[in-house]
Amino acid sequence: MKIAGAISGTSLDGIDVALCEVGAPNGRVTVACERFATVPFAEPLRARIMAAYPPARLDALEVSALHAAAGEAFGDAIRAVAGAARLDAVGSHGVTLAHDGEARHTLQIGDAFRIRERVAATVVYDFRSADTAAGGTGAPLVPFVDALLFAGRAPCAALNLGGVANMTVLPQCLAFDSGPSNLLIDGYVALRTSGRQRYDRDGRLARGGRVDDALLARLLDDPYFAAPLPKTTGRERYGVTWLAQHRPALDAHTFEDAVATLTALTVRTVADAFRTHAPAATTLIVSGGGARNPAVVDGLRAALPDVAVQVSDELGVDADAKEAIAFAVLAFCALTGRPAGVPAVTGASGPRVLGAIAPFELAALLERVRREEAAQGGSAPAANAGA
């Protein structure tokens, strides 16, 4: 099946779209990414979304309007990347506007029906709610797909460095958010430059600065880092409120030293989590936008000298595309009735099929799914992905 996966992560860099071929020969889910691109948000829409994040207090009309506008942007982005390709389905994670794993509720915007109008295909969306309704944290969602992509490399850990750093340990399929990644670095760079820069390109600022060990030690006192699993975090914890709290201490340093210290925070928390939760792993596979930051990747190599730290590109998985690929897979699982939640990761009461469906010619699509499943040898459930 040809499925487009789409997501805009915590960093809000743009809309990541991966055009994938997904199937299940002999009951085992497989995926191949045929095309990938990141489509930037129109600046006014990005600014509105940024202004809507907690602790902002929005009225319901603005939330509704953002939901519609984000859906249109996602639909246009998917259509642009897919081109003339005929899509069987879309898996859209949308934009996470609010998420509280401890309280078991979540909200993603990006109206799936507006996407459907633009791509003329069934859209699977709202992947987290099935897990939170079953008592889980609703995230991370990617461990199921990490197991499909990297199980042959075990013992290893797959690390995605988006706004938040999330890690999947294989073969156990243990997964969690270790803490902030690009979210703090990007946010501070934007604040310090009044928006003229949005990220530390090629890690140049961090490489040009020196880490303040005393400040780093204070930042590491954050109780989240020592909290037990399951745990997940995001902009609600490490967004504007965190930056406002710590900005005076950061601003007391040169720009380069402050960014170097925030970069060291990401490196240290990832390395500590790896040592704690993946003691047998010999490889750390890095993807996400942070995989393009040499200061982070080289920092991890220095912090974990006995571990092979590899960017997922080296293993045939585009580091920028992995999460979009994941949502193409999760959409396939929903359409074929495969549970893709991993209860051992989220704390849910059991495996759940994830996602809601905005149908387009659904009867014909499901019949096509049935025929393909039969031709490929049946639909063995892939519920726990090694958990």
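Located above this text is the structure these notes cover.
Residues numbered from 1 in each chain as written. Predicted model: local features only at pLDDT ≥ 70, side-chain atom pairs only at ≥ 80, totals over all residues. Heavy atoms only, no water.

A. Here's a closer look at the pattern of salt bridges. Summed over all chains, the structure comprises 25 salt bridges. The residue lysine 2 makes a salt bridge to glutamate 21 at a minimum N-O spacing of 3.3 Å. Of the two residues, lysine 2 sits in strand E1 (residues 2-8) while glutamate 21 sits in strand E2 (residues 15-23), which places them 19 residues apart along the sequence. You can call glutamate 21 partly exposed: its relative accessible area is 34%. Note that aspartate 111 is salt-bridged to arginine 114, the shortest N-O span being 3.3 Å. We classify aspartate 111 as buried; its relative accessible area is 15%. (Salt bridge = Lys/Arg side-chain N within 4 Å of Asp/Glu carboxyl O. Helix = DSSP H or I, 4+ residues; strand = E, 2+ residues; numbered from the N terminus. Buried < 20%, exposed > 50% of the residue type's maximum accessible area, 1.4 Å probe, protein only.)

B. The side chain of threonine 193, seen in detail. You can see threonine 193 is positioned in the loop between helix H6 (182-192) and helix H7 (204-207). A relative accessible area of 4% means that threonine 193 is categorised as buried. From its side chain, threonine 193 meets the backbone nitrogen of glutamine 197 in a polar contact 3.0 Å long. (Polar contact = N/O pair within 3.5 Å; in protein donor to acceptor, adjacent residues only side chain to side chain.)

C. Highlighting the nonpolar core. Ranked by size, the top nonpolar core spans 44 residues in total, and within it Ile3, Phe127, Phe144, Phe150 and Leu330 carry the most contacts. Those elements that provide at least two residues to this core are E1, E2, helix H5 (143-150), strand E7 (156-161), helix H13 (322-335) and helix H15 (362-375). For this core, the element with the highest residue contribution is H13, accounting for 12 residues. Apart from residues lying up to four places away in sequence, leucine 330 is in contact with Phe127, Leu141, Phe144, Val145, Ala340 and Leu354. Membership of the second largest hydrophobic core comes to 31 residues, among which are Ile49, Ala69, Ala77 and Ala358. (Core = buried A, V, L, I, M, F, W, Y, C linked by side-chain atoms within 4.5 Å. Contact = heavy atoms within 4.5 Å.)

D. Quick look at the packing of aromatic side chains. Going through the model one piece at a time under the given rule, you end up with seven aromatic pairs. The interplanar angle of 10° and the centroid separation of 6.3 Å between the aromatic rings of phenylalanine 225 and tyrosine 238 together place this pair among those described as stacked. Taken together, the residues phenylalanine 225 in the loop between helix H8 (213-219) and helix H9 (235-238) and tyrosine 238 in helix H9 connect sequence positions 13 residues apart. With relative accessibility at 1%, the residue tyrosine 238 sits in the buried group. By way of ring pairs, the aromatic residues Tyr224, Phe225, Tyr238 and Trp242 are connected into one cluster. Lying over the aromatic face of tyrosine 53, arginine 235 brings its terminal NZ or CZ to 4.3 Å of the ring centre. (Phe/Tyr/Trp six-rings, centres within 6.5 Å; stacked < 30°, edge-to-face > 60°. Lys NZ or Arg CZ within 6 Å of the ring centre and 35° of its normal.)

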